[in-house]
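These are the residues of each chain, in order.
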Amino acid sequence: MDIGEKSKGKTKEGANNPVTDGDMLSHRAMYYGLLKGFPDLNVISEEDDPEEIDMSKIEVPKFTDPSVEKIISDDNDVLVPISELDVWIDPLDATQEYTENLRQYVTTMVCIAIRGQPVVGVIHKPFENKTAWGWAGPGLMSEDLAEEVKAHFGTSDYHKHQDLSKSKIIVSRSHAGKVHEVAKAAFGETVEVTPAGGAGFKAWEVAKGVQDAYVHVTLIKKWDICPGDALLGALGGKMTDLNGQEIDYSGKPASVKNEGGVLATLHDHNAFLEKLKPAMQVRK
C-alpha cells in the first residue's frame, strides 16, 4: 500500500524522520478544524502544510460529544481567556512505525495548555478506535482509559509504592539501547525495559498501569509529550524532565523542543528521579 512516505530529513540522532499522506490529512482535519471553530486559538502542530487551504470549505467541528458529556458536568465548567490557551497537536504520532505497519503504536494527540500548564490531554488510537483523555484539574478521564485502569488495578491503589528494582520501564524503540543501559545502572539488573514506538502509546501504557515509568533521554518535541503529561496529571501521575523540572508548554513564541529528557510515572516519581540522576551522570 502506498502511504505517500517522504522524508523530512534526519533527527538529531541521525534517524530518518518520515512524513506520510496520513500525517498531512490528519493535520488538515485537526489543525484547520480547530481554527474553524476557534479562529483566535493558538494551535501548534507537528506538521506544516505546503498547500493554501480554503477555510470556507472546512467544516465547523462539533462542540459537544455524548461520551464526554456523560463524564463532565456543568459544575466542571471553567472559563479561560483564549489568549491564555495553547493547543499542541500531533496529527500522527509514531510515523516511523506507521510506515512499518506497526499500527498498534500509532496515535493522534491533542493537548490543551493553560498558561503553559498541561490541563487536558487526548490520545486516540485510530486503528483500535479507542480514546484516552484526561482533565488534570478535576481528575476526570475517558471511559476507555477508566476501563483499562480498572482492569489492571481493580480496586487497589494505583499509587502504592513499589520496589523500583522490579520496575517495568517503557522506552523509545530508536533509543532502547541507551535507555536500557541507564535503567540497569539506575535500578539494577532485574528491571524490565520494553521498547515501543510513539510517545503517546508509551504515556498511555504508564497511565493504565502496564508500565511503571516512561523514560526518554534525548531531545523530544512538546507535541509528543504534552498530551501524555495532561493525561497522567488527571490520574495523579507526573511527567517532568530528568532533572525533575516541570515542562513549560507556553506557545507564544512557541519553543517546541524539550531537551531535558522525560520521566513519566504514576507513582514514586521522586524515587525514580533520584535513581536516574546519578546513572545519567555516569552515562555522560
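This one's a predicted model, so the numbers in the text were calculated from it and none came from an experiment.

Undergrad: How should I be thinking about the layout of surface pockets in this particular structure?
TA: A probe as big as a water molecule, rolled over the atoms, marks out the empty space that is left. Taken as a whole, the largest pocket holds about 2100 Å³ of empty space. Around the largest pocket sit 45 residues that line it, and F63, V68, I112, V120 and V122 are the ones nearest its centre. Broken down by secondary-structure element, the contributors of at least two residues to the lining of the largest pocket are α1 (21-37), α2 (66-69), β4 (85-93), β5 (107-114), β6 (117-125), β7 (130-135) and α4 (143-153). It is α1 that contributes the most residues to the lining of the largest pocket, 6 residues altogether.

Undergrad: In this structure, what is going on with the packing of aromatic side chains? I would like to understand it.
TA: Each aromatic ring pair is summarised here by two numbers: the centre-to-centre distance and the angle between the ring planes. This structure, assessed with the given rule, holds 7 aromatic pairs. With centroids separated by 5.5 Å and ring planes inclined at 75 degrees, the aromatic side chains of F187 and F272 adopt a geometry described as edge-to-face. With F187 in helix α5 (residues 176-187) and F272 in helix α8 (residues 269-283), the pair connects residues that are 85 residues apart, well separated along the chain. The pair formed by F187 and F272 is uniform in burial state, with each residue classed as buried. Aromatic ring contacts, followed pair by pair, group W88, W223 and Y249 into a single cluster. Lying over the aromatic face of W204, K125 brings its terminal NZ or CZ to 4.1 Å of the ring centre.

Undergrad: What is the right way to read the sheet that holds β7 from this model?
TA: Two modes of strand pairing occur in sheets, parallel and antiparallel, and in both the strands are linked by backbone hydrogen bonds. In space, the 6 strands of this open sheet follow the order β3-β4-β5-β6-β7-β8, with mixed pairing throughout. The sheet is open, and its two edges are formed by β3 (42-45) and β8 (140-141), each paired on a single side. One ladder, built from 6 bridges, connects β6 with β7; its direction is antiparallel. By the bridge assignment for β7, H124 is matched with T131. Sitting on the sheet, helix α7 (residues 222-234) is in contact with β3, β4, β5, β6, β7 and β8, with an inclination near 100 degrees to β6.

Undergrad: I would appreciate a short explanation of the sheet that holds strand β9 (residues 168-172) in the present structure.
TA: Overall, mixed pairing links the 5 strands, which are arranged β10-β9-β11-β15-β13 in an open sheet. Because the sheet does not close on itself, it has two edges, and the strands there are β10 (192-196) and β13 (238-240). When strand polarity is set aside, the average angle formed by the axes of neighbouring strands in this sheet is 20 degrees. As defined by bridge partners, β13 adjoins strand β15 (residues 262-265) across 3 bridges and the pair is classed as antiparallel. Paired with M239 across the two strands is A264, which belongs to β15. With respect to the sheet, helix α6 (residues 199-207) is in contact with β9, β10, β11 (213-216) and β15, its orientation differing from that of β9 by roughly 170 degrees. Where α7 meets the sheet, its contacts fall on β13 and β15, and the angle it forms with β13 comes to roughly 145 degrees.

Undergrad: When you look at the side chain of N76 in this model, what are you seeing that I'm missing?
TA: Along the polypeptide, N76 turns up in the loop between α2 and β4. For N76, the residues in contact, after removing those within four places along its chain, are I71, W135, P138 and L140.

Undergrad: When you look at the pattern of salt bridges in this model, what are you seeing that I'm missing?
TA: Two side chains with opposite charge may pair up if their charged atoms get near one another. This structure, assessed with the given rule, holds 10 salt bridges. Connected via shared salt-bridge partners are K130, E148, E205 and K208.

Undergrad: Whenever I open this one, α1 confuses me. Can you help?
TA: The periodicity of an α-helix, 3.6 residues per turn, causes residues three or four places apart in sequence to face the same way. Compared with the 24 Å implied by 1.5 Å per residue over 17 residues, the 24 Å span of α1 between its first and last C-alpha is a close match. Listed as buried for α1 are G22, D23, M24, S26, H27, M30, Y32, G33, L35 and G37.

Undergrad: Can you walk me through α4 in this structure?
TA: Taken residue by residue, α4 has L145, E148, V149 and F153 as its buried positions. For α4, the arc enclosing every buried residue in end-on projection is 110 degrees, short of the 170-degree limit, so these residues lie on one face. Among the exposed residues of α4, those oriented more than 90 degrees off its buried face are E147, K150 and A151. Where the residues of α4 are buried, they touch β7, β8, α6 and α7. Positive phi shows up at G154, right after α4, with a value of about 65 degrees.

Undergrad: Any chance you could explain the packing of α6 against α7 here in plain terms?
TA: When two helices pack together, their arrangement is given by the angle between the helix axes and by the axis-to-axis distance. Relative orientation of the contacting elements α6 and α7 amounts to 15 degrees, with a least axis distance of 8 Å. As judged from the angle between their axes, α6 and α7 are roughly parallel. α6 and α7 meet at a crossing whose hand is right-handed. Contacts from A199, G200, A203, V206 and A207 in α6 reach D224, G228, L231 and L232 in α7. Among the residues making up the contact of α6 with α7, the classes are represented as 6 nonpolar, 2 polar and 1 charged.

Undergrad: So what exactly am I meant to see when it comes to the nonpolar core here?
TA: Considering soluble globular proteins, one finds that nonpolar side chains tend to be buried as a cluster. Counting 37 residues, the largest nonpolar core has L145, Y214, M239 and Y249 as its most contacted members. Looking at this core, the elements with two or more residues in it are β5, α4, α6, α7 and β15. The leading source of residues in this core is α7, at 7 residues. In contact with L145, other than residues within four places in its own chain, are T131, A132, W133, W204, A207, K208, L231 and L235. Counting 20 residues, the second largest nonpolar core, distinct from the first, contains V182, F187, F272 and L273.

Conventions used here
- Residues numbered from 1 in each chain as written.
- Predicted model: local features only at pLDDT ≥ 70, side-chain atom pairs only at ≥ 80, totals over all residues.
- Heavy atoms only, no water.
- 1 Å grid on protein atoms, 1.4 Å probe; cavity = no way out; pocket = protein on both sides within 12 Å on 5 of 7 lines; lining within 4 Å.
- Points joined across faces, edges and corners; volume = space filled by probe spheres on them.
- Helix = DSSP H or I, 4+ residues; strand = E, 2+ residues; numbered from the N terminus.
- Phe/Tyr/Trp six-rings, centres within 6.5 Å; stacked < 30°, edge-to-face > 60°.
- Buried < 20%, exposed > 50% of the residue type's maximum accessible area, 1.4 Å probe, protein only.
- Lys NZ or Arg CZ within 6 Å of the ring centre and 35° of its normal.
- Pairing = 2+ DSSP bridges.
- Contact = heavy atoms within 4.5 Å.
- Axes fitted to C-alpha atoms, helices over the stretch in contact; angles between N-to-C directions.
- Salt bridge = Lys/Arg side-chain N within 4 Å of Asp/Glu carboxyl O.
- Expected span 1.5 Å × (residues − 1).
- Arc of directions from axis to C-beta.
- Parallel < 35°, antiparallel > 145°, perpendicular 65-115°, else oblique.
- Left-handed = near helix turned anticlockwise from the far one by under 90°.
- Nonpolar A, V, L, I, M, F, W, Y, C, P; charged D, E, K, R; others polar.
- Core = buried A, V, L, I, M, F, W, Y, C linked by side-chain atoms within 4.5 Å.

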